[in-house]
Amino acid sequence: MKKITALLLVMLMVLSLVPAMAEEAEAPSVAVVVAGTLGDQGFYDSSDTGRQKLEADGIASRTTIIECKEDASLYEMSLITAAEDYDIVVAVGWQFWDPLTAVVPDFPENKFIFIDNGLDGVGENLMSIIYKQSEGSFLVGYIAAKLSVTGKVGVVGGEDVDNINDFIVGYEAGAAYGNPDIEVVRRYANGYEDPANGKECATALYNEGCDIVFAVAGKTGEGVFAAAAETGNYAIGVDSDQKFIDPEHILCSMIKSVDKSFYDVVADMDGMFQGGMIWTADMANGYIDVAYGTDDMPQQVSDELKAEVEDIKNKILSGEIVVPSTLN
């Protein structure tokens with residue numbers, strides 16, 4: 001009898017471990033595919049931060065990141081490679097619109113998350129995340145107008161496309177709200193991987209009389225920061241808090257929390273993932289904001305101006321201020 005009792009206890013112990021083992025096995029694998037390359041200290045690096053955190057927190061069993069280096073011939077192939085070996089594929093960049101349309105129906109067992117554009121009607125295994133980047137850009141446009149001495153500010157965009165222009169129209173509207181007489185000058189770098197071209201574009205803007213330039217061009221934006229330092233002017237960062245790159249010449253940054261947005265979805269797939277849904281990450285749910293670096297960095301934006309920005313945020317949230325957008 002004692003032997004039987006002991007055997008039963010052992011069996012119960014083994015069975016009690018099964019749910020835990022099953023739960024551990026259920027952690028999905030995640031592949032992040034970026035249209036460009038890492039090292040931009042903004043958009044793509046933010047996506048890699050989200051990937052690393054998913055693995056570090058045990059939410060993903062394993063992860064990888066695939067860089068397409070702005071090579072359109074790699075977009076579809078990279079998605080297929082990711083889907084063949086990973087449960088969840090996060091496609092980062094509006095450039096994946098057509099490739100996802102082609103790939104998603106062929107992998108019905110996978111889940112796809114499209115970052116930075118809204119794609120529906122493709123499959124119930126695809127969810128899109130778009131961002132109210134125009135709201136955050138409105139805030140930094142207001143800051144630029146309030147701090148400009150020349151009454152002329154600029155912006156360097158990666159390309160003349162809706163996703164980039166969404167930042168720009170918000171920036172222009174915020175600048176006009178801060179100073180109706182402000183002049184905002186646009187330049188497009190026609191790429192996201194060329195700091196030298198970014199520097200050339202920004203230098204031209206500074207030479208035209210702009211004293212603050214908003215960089216909306218990925219790694220190309222590094223050239224904007226270099227031009228600001230070289231000419232003794234100011235710049236505004238994008239996507240992540242980029243002030244650390246050059247605290248003397250970067251006033252602030254428009255925050256677009258790519259990392260937190262898809263981390264939150266993957267962490268709650270049963271609750272947040274909805275196939276065919278286009279989810280908007282905005283200021284109201286904490287994914288869009290302005291950052292000023294750390295307290296030990298030079299703060300060109302005064303506490304009074306920061307308080308004004310907070311007031312404007314509340315007006316945007318209440319609907320008193322409606323920020324224009326180029327996106328649906």
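Residues numbered from 1 in each chain as written. Predicted model: local features only at pLDDT ≥ 70, side-chain atom pairs only at ≥ 80, totals over all residues. Heavy atoms only, no water.

### What to know about the environment of Gln 133
Right, so step 1: If you trace the backbone, Gln 133 turns up in helix H5 (residues 133-147).
Right, so step 2: Gln 133 sits 38 residues away from Tyr 171 along the chain, and the two C-alpha atoms are 9.6 Å apart.
Right, so step 3: Here Gln 133 is in contact with Asp 116, Asn 163, Asp 166, Phe 167, Met 254, Lys 256, Ile 288 and Leu 327, once residues within four sequence places are set aside.
Right, so step 4: Looking at Gln 133, its side chain comes within polar contact range of the side chain of Lys 256, at 2.7 Å. (Helix = DSSP H or I, 4+ residues; strand = E, 2+ residues; numbered from the N terminus. Contact = heavy atoms within 4.5 Å. Polar contact = N/O pair within 3.5 Å; in protein donor to acceptor, adjacent residues only side chain to side chain.)

### Topic: the packing of helix H7 (residues 195-207) against helix H8 (residues 221-231)
Right, so step 1: Where H7 contacts H8, the two axes come as close as 6 Å, and the packing angle between them is 45°. Classified by the angle between their axes, H7 and H8 sit oblique to one another. In this structure, the crossing between H7 and H8 has a hand that is right-handed. Along the contact surface, H7 presents Pro 195, Gly 198, Lys 199, Ala 202, Thr 203 and Tyr 206, while H8 presents Glu 222, Gly 223, Val 224, Ala 226, Ala 227, Ala 228, Glu 230 and Thr 231.
Right, so step 2: Here the residues of the contact of H7 with H8 are counted per class, giving seven nonpolar, four polar and three charged. (Axes fitted to C-alpha atoms, helices over the stretch in contact; angles between N-to-C directions. Parallel < 35°, antiparallel > 145°, perpendicular 65-115°, else oblique. Left-handed = near helix turned anticlockwise from the far one by under 90°. Nonpolar A, V, L, I, M, F, W, Y, C, P; charged D, E, K, R; others polar.)

### Focus: the pairing of strand E2 (residues 62-67)
Right, so step 1: Sheet topology places strand E1 (residues 29-34) next to E2; six bridges connect them, and they run parallel. Its bridge partner being in E2, Val 34 is matched across the sheet by Glu 67.
Right, so step 2: What joins E1 to E2 is helix H2 (residues 43-56), and the crossover it makes is right-handed. (Pairing = 2+ DSSP bridges. Right-handed = clockwise from strand over helix to strand, strands pointing away.)

### Considering the sheet that holds E1
By way of backbone hydrogen bonds, the strands of a sheet pair with one another, either parallel or antiparallel.
Right, so step 1: Strand order in this open sheet of six strands is E2-E1-E3-E4-E5-E11, and the pairing throughout is parallel. Every interior strand has two partners, whereas the edge strands, E2 and strand E11 (278-281), have only one. In this sheet, adjacent strand axes meet at a mean angle of 20° when their direction is disregarded.
Right, so step 2: Its contacts with the sheet place helix H3 (residues 72-85) against E1, E2, strand E3 (88-92) and strand E4 (111-115), and it is angled at close to 175° to E1.

### Focus on the nonpolar core
Right, so step 1: In this structure, Phe 96, Ile 113, Ile 115 and Phe 214 are the most contacted members of the largest nonpolar core, which totals 84 residues.
Right, so step 2: Broken down by element, the residue count for this core peaks at seven residues, all from H5.
Right, so step 3: Excluding its chain neighbours within four sequence positions, the residues that come into contact with Phe 96 are Val 33, Val 34, Ala 35, Cys 68, Tyr 75, Leu 79, Ala 91 and Phe 114.
Right, so step 4: Listed in part, the 17 residues of the second largest apolar core include Tyr 206, Cys 210, Ala 215 and Ala 217. (Core = buried A, V, L, I, M, F, W, Y, C linked by side-chain atoms within 4.5 Å. Buried < 20%, exposed > 50% of the residue type's maximum accessible area, 1.4 Å probe, protein only.)

### A closer look at the packing of aromatic side chains
Right, so step 1: Tallied over the full model, the rule gives six aromatic pairs.
Right, so step 2: When the ring of Trp 279 is compared with that of Tyr 287, the centres are 5.3 Å apart and the planes differ by 85°; the resulting orientation is edge-to-face. Pair check on accessibility: Trp 279 and Tyr 287 agree, each one buried.
Right, so step 3: An aromatic cluster is defined as three or more aromatic residues linked by ring pairs; in this entry it consists of Phe 138, Tyr 142 and Tyr 177. (Phe/Tyr/Trp six-rings, centres within 6.5 Å; stacked < 30°, edge-to-face > 60°.)

### Looking at the pairing of E4
Right, so step 1: The element E4 is extensively covered by neighbouring structure, given that four of its five residues are classed as buried.
Right, so step 2: Across five bridges, E3 lies against E4 in parallel orientation. Within E4, the residue paired with Val 92 across the bridge is Ile 115.
Right, so step 3: Note that E4 and strand E5 (residues 126-131) share four bridges and pair parallel. Paired with Phe 114 across the strands is Ser 128, a residue of E5.

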